[in-house]
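Analysis of the macromolecular model
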Amino acid sequence: AAAQPYEELYVKINVGADSYYYDSSHIAPVRPFEEIFEEHVIRDARGRIISGRQAGPAKFELLEIDAILEEIQSHYFVPAIPASVQFTPDGKEMFTLTEDVPGLRIDTERLKREITASLAEGRSYGVTVQPEPYRAELNADKVRASFALRSQFSTAYQNSTQARKHNIRLSLSNFHGMVIAPNASVSFNATTGPRTKERGYQSAKIIVNGKFTEGEGGGVCQSSTTLYNALLLADVKVDERHNHTLAVGYVPPAFDAMVNTYTSDLKFTNDTGNYLYLRVKCDQNTVTVMVYGEKLPYAVKRRSEVIKRTDPPPEEIISSAEYANLVKYKDETLILTPSKGGLIAEGYLDYYRGGKRTSSKRLHRDTYREMRGIAVRGTEERPRESVPAPSEEIS
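Below is a summary of the structure that appears in this document. (Residues numbered from 1 in each chain as written. Predicted model: local features only at pLDDT ≥ 70, side-chain atom pairs only at ≥ 80, totals over all residues. Heavy atoms only, no water.)

Read from one edge to the other, the open sheet built from three strands follows the order 22-26-23, with strand pairing classed as mixed. Every other strand in the sheet has two partners, leaving strand 22 (316–319) and strand 23 (333–337) as the edge strands with one partner each. Geometrically, the sheet is characterised by an average inter-axis angle of 35° between neighbouring strands, direction not taken into account. When strand 23 meets strand 26 (residues 374–377), the two strands line up antiparallel, connected through four bridges. Bridged to Leu334 within strand 26 is Val376. (Pairing = 2+ DSSP bridges. Helix = DSSP H or I, 4+ residues; strand = E, 2+ residues; numbered from the N terminus. Axes fitted to C-alpha atoms, helices over the stretch in contact; angles between N-to-C directions.)

What follows is about the packing of aromatic side chains. Taken as a whole and assessed by the stated rule, the structure comprises 13 aromatic pairs. For the pair Tyr6 and Phe60, a centre-to-centre distance of 5.1 Å together with 10° between the ring planes defines the contact as stacked. A residue pair is termed long-range when its members are at least 10 positions apart, and Tyr6 in the segment before strand 1 (11–15) and Phe60 in strand 6 (residues 60–62) qualify at 54 residues. Of the aromatic side chains, those joined through ring pairs into one cluster are Phe87, Phe95, Phe147, Tyr275, Tyr277 and Tyr292. Positioned over the ring face of Tyr134 is Arg105, at 4.0 Å from the centre of the ring. The ring centre of Tyr348 lies 4.5 Å from the NZ or CZ of Arg303, which sits over that ring. (Phe/Tyr/Trp six-rings, centres within 6.5 Å; stacked < 30°, edge-to-face > 60°. Lys NZ or Arg CZ within 6 Å of the ring centre and 35° of its normal.)

All right, on to the packing of helix 5 (residues 162–173) against helix 7 (residues 220–233) then. For the pair helix 5 and helix 7, the least separation of the axes is 8 Å and the interaxial angle reads 45°. Regarding the angle of helix 5 to helix 7, the classification is oblique. Between helix 5 and helix 7 lies a crossing whose hand is right-handed. Side by side, helix 5 and helix 7 meet where Arg164, Asn167, Ile168, Ser171 and Leu172 of the first sit next to Val220, Gln222 and Ser223 of the second. By residue class, the composition of the contact of helix 5 with helix 7 is three nonpolar, four polar and one charged. (Parallel < 35°, antiparallel > 145°, perpendicular 65-115°, else oblique. Left-handed = near helix turned anticlockwise from the far one by under 90°. Contact = heavy atoms within 4.5 Å. Nonpolar A, V, L, I, M, F, W, Y, C, P; charged D, E, K, R; others polar.)

Written as structure tokens, this is what we have:
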């Protein structure tokens, strides 16, 4: 259709029995007439028009189109109710789904495209529309896809004290049954709270200033480390993570996650676009964190690369009667805690499809201190053995 005169342009939208009309007072050229005019004339040195060429049809737009369509939408919009889920990690059926409820809305994006295209050609626009049903992004079909086991990770603690095992179980119990909505963030410290005696934590080994010592909540770093590695294998975004000052034995270097109530945290965000669920299993030998969500179309594997190692220092020698039953004399030593060398390591995630590695991602480079061990020396002088007198030679 041919372009219309500017003053005759209009936009008319009918929604059921309602009509919304916008005349030329709501319509303006995309570019000022003066600017278009100047592009099609040639002036002399004095600014006088000496020639020109015919301009094409002017392009127009509906002023404040987004606000207009938003106002129309507000009269007919019925929000969709997303599906909801109840997660019972120890139940026979872990997931109980409540179906979504569709809503109503006008397709304002389509209206905007059609209005813009029509006015750009200098033509009026008229249409009759009806509110259309739509489903929430987190509808039942979408949420149902989040019930798959996305990843799991285990660490061993069979040689730990009962107090340390207790602390690991107690801290991870806060995550057992957790439901994490899309885009929600989680803090390990905020979830567990302070690891104090009043909150049920017991004294066990912790690392302070590069040394192993006793402290309340010992073992909780194994909890955060197990969770951290499960998140990595689930390809979930980790926002904050810290390594220990000393390398630990339950994961390779660069894959530990140290936490401290006040200074160091493990934080992550659900960037999967669907729900995530956490389940924890502890027995006498291992602790396991399972992450449920949409199944990954690829496999994720961890890789630790040691860049540099340093030799361990000699053990610190102490003398103590406490170990007299194990080492007695001053010329005897017994290593209680062996020294460890320092190291620098890098952590990587490797991504596989069809058994072939398709890409890799470097996570971080960590430095671990060397640790001076302890050896105990006996406290008594060794008695001189009686030596028999030499015998005379008989000829």
